[in-house]
Amino acid sequence: MTSSDESDDERRAKELPQASGVPDETRASPAAPVPVRVSFWLWVVSALVQVACYVVPVVFRQRIIEQNIKASPQYSAAQVASGTTTFLVVLLIGAVSFSALYVLFAYKARQGTRSARTVLTVFFGIALVFQFFFGLFQLVLALLAMLVALVALLLMYLPGVWPYFPKTGAAPVGLEVDSFLRGRRRP
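## Comments concerning the overall build of the protein
Piece 1. Looking only at helices and strands, one finds seven helices and zero strands in the protein.
Piece 2. Per-residue burial for the protein yields a buried fraction of 29% across its 187 residues.
Piece 3. Across the protein, contacts joining residues at least 24 apart in sequence account for 71% of those joining residues at least 6 apart.
Piece 4. For the protein, the exposed area adds up to about 12300 Å²; of that, 67% sits on carbon and sulfur atoms.

## Notes on the packing of helix α5 (residues 114-133) against helix α6 (residues 140-156)
Piece 1. For the pair α5 and α6, interaxial distance at closest approach is 11 Å and the crossing angle is 155°. With respect to α6, the element α5 is oriented roughly antiparallel. Where α5 crosses over α6, the two elements pack in a sense that is left-handed. Contacts from R117, L120, T121, F124, A127, L128 and Q131 in α5 reach A142, M146, A149, L150, L153 and M156 in α6.
Piece 2. Each residue belonging to the contact of α5 with α6 can be placed in one class, and the counts come to ten nonpolar, two polar and one charged.

## Remarks on the environment of R117
Piece 1. Topologically, R117 is positioned in helix α5.
Piece 2. Of the residues examined, R117 reaches a relative accessible area of 5% and is grouped as buried.
Piece 3. Setting aside residues no more than four positions away along its own chain, R117 makes contact with A109, M156, Y157, W162 and F165.
Piece 4. Only 3.1 Å separates the side chain of R117 from the backbone oxygen of M156, close enough to count as a polar contact.

## A word on the packing of aromatic side chains
In this description, an aromatic ring pair is defined by two values, namely the gap between the centres and the angle between the planes.
Piece 1. Taken as a whole, this structure holds eight aromatic pairs when the rule is applied.
Piece 2. For the ring pair F40 and W41, a centre distance of 4.9 Å and an interplane angle of 75° mean the geometry is edge-to-face.
Piece 3. The class for W41 is exposed, based on a relative accessible area of 53%.
Piece 4. Between Y164 and F165, the aromatic rings sit 5.5 Å apart at their centres with planes inclined by 80°, giving edge-to-face as the arrangement. The exposure classification of Y164 matches that of F165, with both residues buried.
Piece 5. Joined through ring pairs, the aromatic side chains of W43, F98, Y102, F105 and F123 make up one cluster.
Piece 6. A cation over a ring is seen here: R110 above F40, with NZ or CZ 4.2 Å from the ring centre.

## Quick word on a nonpolar patch on the surface
Piece 1. A grouping of F87, V129, F130, F132, F133 and F134 is seen on the molecular surface, where their side chains present a nonpolar patch of about 640 Å² in accessible area.
Piece 2. As for its placement among the helices and strands, F132 is situated in helix α5.

Rules used in this analysis
Residues numbered from 1 in each chain as written. Predicted model: local features only at pLDDT ≥ 70, side-chain atom pairs only at ≥ 80, totals over all residues. Heavy atoms only, no water. Helix = DSSP H or I, 4+ residues; strand = E, 2+ residues; numbered from the N terminus. Buried < 20%, exposed > 50% of the residue type's maximum accessible area, 1.4 Å probe, protein only. Contact = heavy atoms within 4.5 Å. Areas by Shrake-Rupley, 256 points an atom, 1.4 Å probe, with all protein chains shown as cover. Axes fitted to C-alpha atoms, helices over the stretch in contact; angles between N-to-C directions. Parallel < 35°, antiparallel > 145°, perpendicular 65-115°, else oblique. Left-handed = near helix turned anticlockwise from the far one by under 90°. Nonpolar A, V, L, I, M, F, W, Y, C, P; charged D, E, K, R; others polar. Polar contact = N/O pair within 3.5 Å; in protein donor to acceptor, adjacent residues only side chain to side chain. Phe/Tyr/Trp six-rings, centres within 6.5 Å; stacked < 30°, edge-to-face > 60°. Lys NZ or Arg CZ within 6 Å of the ring centre and 35° of its normal. Patch = residues over 30% accessible without salt bridge, like charges linked within 9 Å, V, L, I, M, F, W, Y side chains within 5 Å. Salt bridge = Lys/Arg side-chain N within 4 Å of Asp/Glu carboxyl O.

Put into structure tokens, the structure is as follows:
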């Protein structure tokens, strides 16, 4: 079949971009702004460093167990060892899960999804509070992970990248608010 034998529908289908099943809000634009691309990679680095923060205590768990045995003589050494190991492994699994979410939402933010940027902001706040309450800021790695995440977060809120994250509830172009409520287009 030659191009002259194509129907109008076939020609239009070739001209239109293929629907990816993803809403317009999350469709990747041709090129994300540089700060957004840098932010994505900083989120990935922060996630990796954060996982390393929880691998270190698992590796040195014997020292932690010995300290906990001395701190709580009312429990047997086996109970303290089991509880400490379980706690450290659960923290590590949580850190891996949380880091995977960091990377997932950073990827979605790189595609221009405004809600992903908001979720990353909330995750940063949760991680900051968690690190503070568990005293992990004493670890240089934890401090590094949070500083890298802070820089990544700030890059996503620079005024130059605001147009890349469109508001979802904005009135369609060409409509005024009052005519939008009445369902009429502006002349």
